[in-house]
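Spelled out, the chains give:
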Amino acid sequence: MKKVLVATVKPFASEAIAGIQRIFEDAGYEFHLLEKYESQDDLINAVKGVDAMIIRSDIANKQVIEAGEDLRIIVRAGAGYDNIDLASATDNGIVVMNTPGQNSNAVAELAIGMMILIARNNYDGKAGTELKGKTLGLHAYGNVGKLVAGIGAGFGMKIFAFDPFIDKSVMENDGVVVVEKVEDLYANCRYVSLHIPANENTIN
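In this convention, every chain numbers its residues from 1, walking through the sequence in written order. In keeping with the predicted nature of the model, local features appear solely for residues at pLDDT of at least 70, side-chain atom pairs appear and are counted solely at 80 or more, and the whole-chain, interface and lining totals rest on all residues. Derived side-chain values reflect all non-hydrogen atoms in the structure, with water molecules and hydrogen atoms excluded from consideration.

Break down the pairing of strand β7 (residues 158–162) for me, citing the residues and quoting the values.
With 4 of its 5 residues buried, β7 lies for the most part within the structure. Should DSSP find at least two bridges between two strands, the strands are regarded as paired. Numbering of helices and strands runs from the N terminus, with a helix taken as a DSSP run of H or I at least four residues long and a strand as a DSSP run of E at least two residues long. Sheet topology note: the strand β6 (residues 135–139)/β7 ladder contains 5 bridges and is parallel. Bridging across to β7, H139 finds its partner in F162. The handedness rule is simple: strands pointing away from the viewer, and a clockwise path from the first strand over the helix to the second, make the crossover right-handed. Once the chain exits β6 it traverses helix α6 (residues 143–154) before rejoining the sheet at β7, and the crossover so formed is right-handed. Here β7 pairs with strand β8 (residues 177–178) via 2 bridges, running parallel. The buried label goes to any residue with under 20% of its type's maximum accessible area, the exposed label to any with over 50%, and the partly exposed label to all in between, with areas taken from a 1.4 Å probe on protein chains only.

How would you summarise the pattern of salt bridges if you had to cite specific residues and measurements?
By definition here, a salt bridge exists when the distance from a side-chain nitrogen of Lys or Arg to a carboxyl oxygen of Asp or Glu is within 4 Å. Scanning the model with the defined rule gives 3 salt bridges in all. Residues E180 and K168 are paired through a salt bridge, measuring 2.7 Å at the closest nitrogen-oxygen approach. Within this pair, whereas E180 is found in the loop between β8 and α8 (182–188), its partner K168 is found in helix α7 (residues 168–173), the two being separated by 12 residues in sequence.

Tell me about the sheet that holds strand β4 (residues 73–76), and name the residues and values.
Taken in spatial order, the 5 strands make up an open sheet running β2-β1-β3-β4-β5, and their pairing is parallel. Looking at the sheet topology across the chains shown, the edges are occupied by β2 (30–35) and β5 (95–98). Taken over all neighbouring pairs, the strand axes of this sheet differ in orientation by 15 degrees on average, direction set aside. Note: strand β1 (residues 3–8) against strand β3 (residues 52–55), 4 bridges, orientation parallel. Within β3, the residue paired with V6 across the bridge is I54. Axis lines are fitted through C-alpha atoms, for helices just across the contact stretch, and the angle between N-to-C directions can take any value from 0 to 180 degrees.

Describe the packing of aromatic side chains, listing the residues and the values that go with them.
Pairing of aromatic side chains here covers Phe, Tyr and the six-membered ring of Trp, requires ring centres within 6.5 Å, and sorts the geometry by plane angle: under 30 degrees stacked, over 60 edge-to-face, intermediate tilted. In this structure the tally under the stated criterion is 1 aromatic pair. With 6.1 Å between their ring centres and 85 degrees between their planes, F24 and Y29 make a pair best called edge-to-face. Judged by relative accessible area, F24 falls into the buried class, the value being 18%.

Give a description of the packing of helix α5 (residues 104–119) against α6 that names residues and reports values.
At a closest axis distance of 8 Å, the pairing of α5 and α6 adopts a crossing angle of 50 degrees. In terms of orientation, α5 lies oblique with respect to α6. Seen along the crossing, α5 lies across α6 with a hand that is right-handed. Where α5 abuts α6, its residues S104, N105, V107, A108, E109, A111, I112 and M115 lie against N143, V144, L147, V148, I151 and G152. Taken together, the residues that form the contact of α5 with α6 break down as 9 nonpolar, 4 polar and 1 charged. Throughout, the term roughly parallel applies to angles under 35 degrees, roughly antiparallel to angles over 145, roughly perpendicular to angles from 65 to 115, and oblique to all others. Crossing chirality is assigned from the near helix's rotation relative to the far helix, an anticlockwise turn below a right angle marking it left-handed and a clockwise turn marking it right-handed. Between two residues, a contact is recorded if the distance between any of their heavy atoms is within 4.5 Å. Polar here means any residue outside two lists: the nonpolar Ala, Val, Leu, Ile, Met, Phe, Trp, Tyr, Cys and Pro, and the charged Asp, Glu, Lys and Arg; Gly therefore counts as polar.

Go over α5 with me, naming the residues and quoting the values.
Since one α-helical turn is 3.6 residues long, residues separated by three or four positions face the same way. With 16 residues, α5 should reach 22 Å at 1.5 Å per residue; the first-to-last C-alpha distance of 23 Å fits that figure. For α5, the secondary structure elements touched by its buried residues are β6, α6 and β9 (191–194). Phi turns positive one or two residues past the end of α5, at N121, with a value near 55 degrees. Here a helix's expected span is defined as the number of its residues, less one, multiplied by 1.5 Å.

Just give me the short version of the environment of Y191, but keep the residues and values in it.
Looking at where Y191 falls in the secondary structure, it is placed in strand β9. Under the relative-accessibility criterion, Y191 is labelled buried at 7%. The spatial distance from the C-alpha of Y191 to the C-alpha of V179 is 15 Å, given a sequence separation of 12 residues. Those residues in contact with Y191 that lie beyond four places of it in its chain are M115, I118, A119, T129, L131, K134, T135, L136, G137 and M157.

Account for the side chain of K134, with residues named and values stated.
By the element assignment, K134 lies in the loop between α5 and β6. Only four residue types enter the tally: Lys and Arg on the positive side, Asp and Glu on the negative side; His and the chain ends are excluded. This buried residue, K134, is left without a salt bridge; E130 holds the nearest opposite charge, at 6.0 Å. At a separation of 3.1 Å, a polar atom in the side chain of K134 contacts the side chain of T129. Look past the residues within four positions of K134 in its chain and what remains in contact with it is T129, M157, K158, R190 and Y191. Here a polar contact is recorded for every N or O atom pair within 3.5 Å, except that within protein the pair must consist of a potential hydrogen donor and a potential acceptor, and residues adjacent in sequence are included only if both atoms are side-chain atoms.

And the structure:
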């Protein structure tokens, strides 16, 4: 029987785990769960003997991948995959997949929630300010950036965006002001929300 491991330091909601378990068991797979583990060694031990692994932001490094001798697929329940050693996965014949867009709304709401927290001085009892009328700059206009723009506009914010990979008309049709230089985004916006991948061009 094929074995599937769900490994996450930050647990999924219990309803989600129950649903995931039911789907795999109905399909004839053996389900394993590793939550709130304390060290990378725990993940290395848990991956031994499993055919598939689902993770969140957990680190699937070379040691984890090589310990999973039967591993054939790793799925990141999230947009990126910078927490997975792709070279090691390739060397070991392991397919890596992610789930772009699945948590976009949650991330967008969190970004706006953090702006409210800042505007209200962390709710310290002192007078704060409003988001209405403020400028919001979006560094990238993908799944999350687009949602942040919509929520921000609902608050009455003026939305700007920089994304050389998205056609200007897409942003303009959403009522977003397109910024040609990323430096201008940071210089002219009261709030800036980053929704860019972590790679050699963006880190630091």
